[in-house]
Amino acid sequence: MIGIPAVVMAALGAVYAGAAAYASQPAAAASDAPGDVYKATAVRSIGTTDTQVVALALPAGTYTVTGSALVVYADKGQCRITGGPTMATPRGSGYNEASLTGTGTVTLSAPGKVQLLCGSEKVLAVPQDPAANGTLVATRVGVLHDQGTGAS
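Read on for an overview of the structure. Just so we're clear, the structure is a prediction, and the values are computed from it rather than from any experiment.

Each value, and the rule that gives it
Residue numbers restart at each chain and count upward from 1, following the sequence in its written direction. Reporting of local features is limited, given that this is a predicted model, to residues whose pLDDT is at least 70; pairs of side-chain atoms are given and counted only at 80 or more, and all residues count toward the totals for whole chains, interfaces and linings. Note: side-chain values were computed over all heavy atoms of the structure, leaving out hydrogens and water. A pair of cysteine sulfur atoms is labelled a disulfide when the two atoms are within 2.5 Å. We count a stretch as a helix when DSSP gives it H or I for four or more residues in a row; a strand needs E for two or more, and each element gets its number in order from the N terminus. Throughout this description, buried means an accessible area under 20% of the type-specific maximum (1.4 Å probe, protein chains only), exposed means over 50%, and partly exposed covers the range between. Under the pairing criterion, centres of Phe, Tyr and Trp rings, with the six-membered ring standing for Trp, must be within 6.5 Å; the plane angle then separates stacked pairs below 30 degrees from edge-to-face pairs above 60, leaving the rest tilted. Polar contact is the term for a pair of N or O atoms within 3.5 Å; when the atoms are in protein, one must be able to donate a hydrogen and the other to accept it, and sequence-neighboring residues count only if both atoms are side-chain atoms. Residues are treated as being in contact if the distance between any of their heavy atoms lies within 4.5 Å.

1. Regarding the state of the cysteines
- A complete count under the given rule lists one disulfide for this structure.
- Paired through a disulfide, C79 and C118 show a sulfur-sulfur distance of 2.0 Å. The disulfide joining C79 to C118 has a torsion of about 110 degrees about its S-S bond and is therefore right-handed. Here C79 is found in strand β6 (residues 74–81), whereas its partner C118 is found in strand β9 (residues 112–123), with 39 residues between them in sequence.
- C118 sits in the buried class, given a relative accessible area of 0%.

Next up, the structure:
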């Protein structure tokens, strides 16, 4: 067996246990442990109804989820995270760019999909392409301690 140092394993993106792994040992599967982070980014055209911009396939569990989107060629744009927060421009932005961000918690009782959905009350016609450049990040939590409005 040929020993492969941990630094080389990390550079190859392999998951391992201990200080060294061997070429004859398969890499361990990714865990579903608290602290695991899932991320996806995509750009999609949007319309006047909710359109999936980006989604994450997640194992069952509780997650803190942050969604962000840069919406262009749309007026009164809005985005929402399924099972989480809704973000909207406070008033018509006049077909300019609008940056929207929201953070919340999502609990899945079974493996499932969390989506960032975006749309706009008004969109510009062709040749403009109303779109959202969205990112969705979910971090699995062990125990969620909700402290209401926070410490005083």
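2. Quick notes on the packing of aromatic side chains
- Across all of its chains, the model carries one aromatic pair by this definition.
- Relative to Y63, the ring of Y38 has its centre 6.0 Å away and its plane inclined at 75 degrees; by these criteria the two rings are edge-to-face. One end of the pair, Y38, is in strand β3 (residues 37–45); the other, Y63, is in strand β5 (residues 61–72), with 25 residues separating them in the sequence. In this structure, Y38 and Y63 share a single accessibility class: buried.

3. Side note on the side chain of R140
- In this fold, R140 is placed in strand β10 (residues 131–141).
- We classify R140 as buried; its relative accessible area is 16%.
- Of note is the side chain of R140, whose polar atom sits 2.7 Å from the backbone oxygen of A60.
- If we ignore the near neighbours within four places in the chain, the residues touching R140 are D32, A33, P34, G35, D36, P59, A60, G61, T62 and Y63.

4. Examining the side chain of T135
- On the secondary structure map, T135 appears in strand β10.
- Beyond its immediate chain neighbours, meaning those up to four positions away, T135 contacts K39, A40, T41, V54, T66, G67, S68 and L116.

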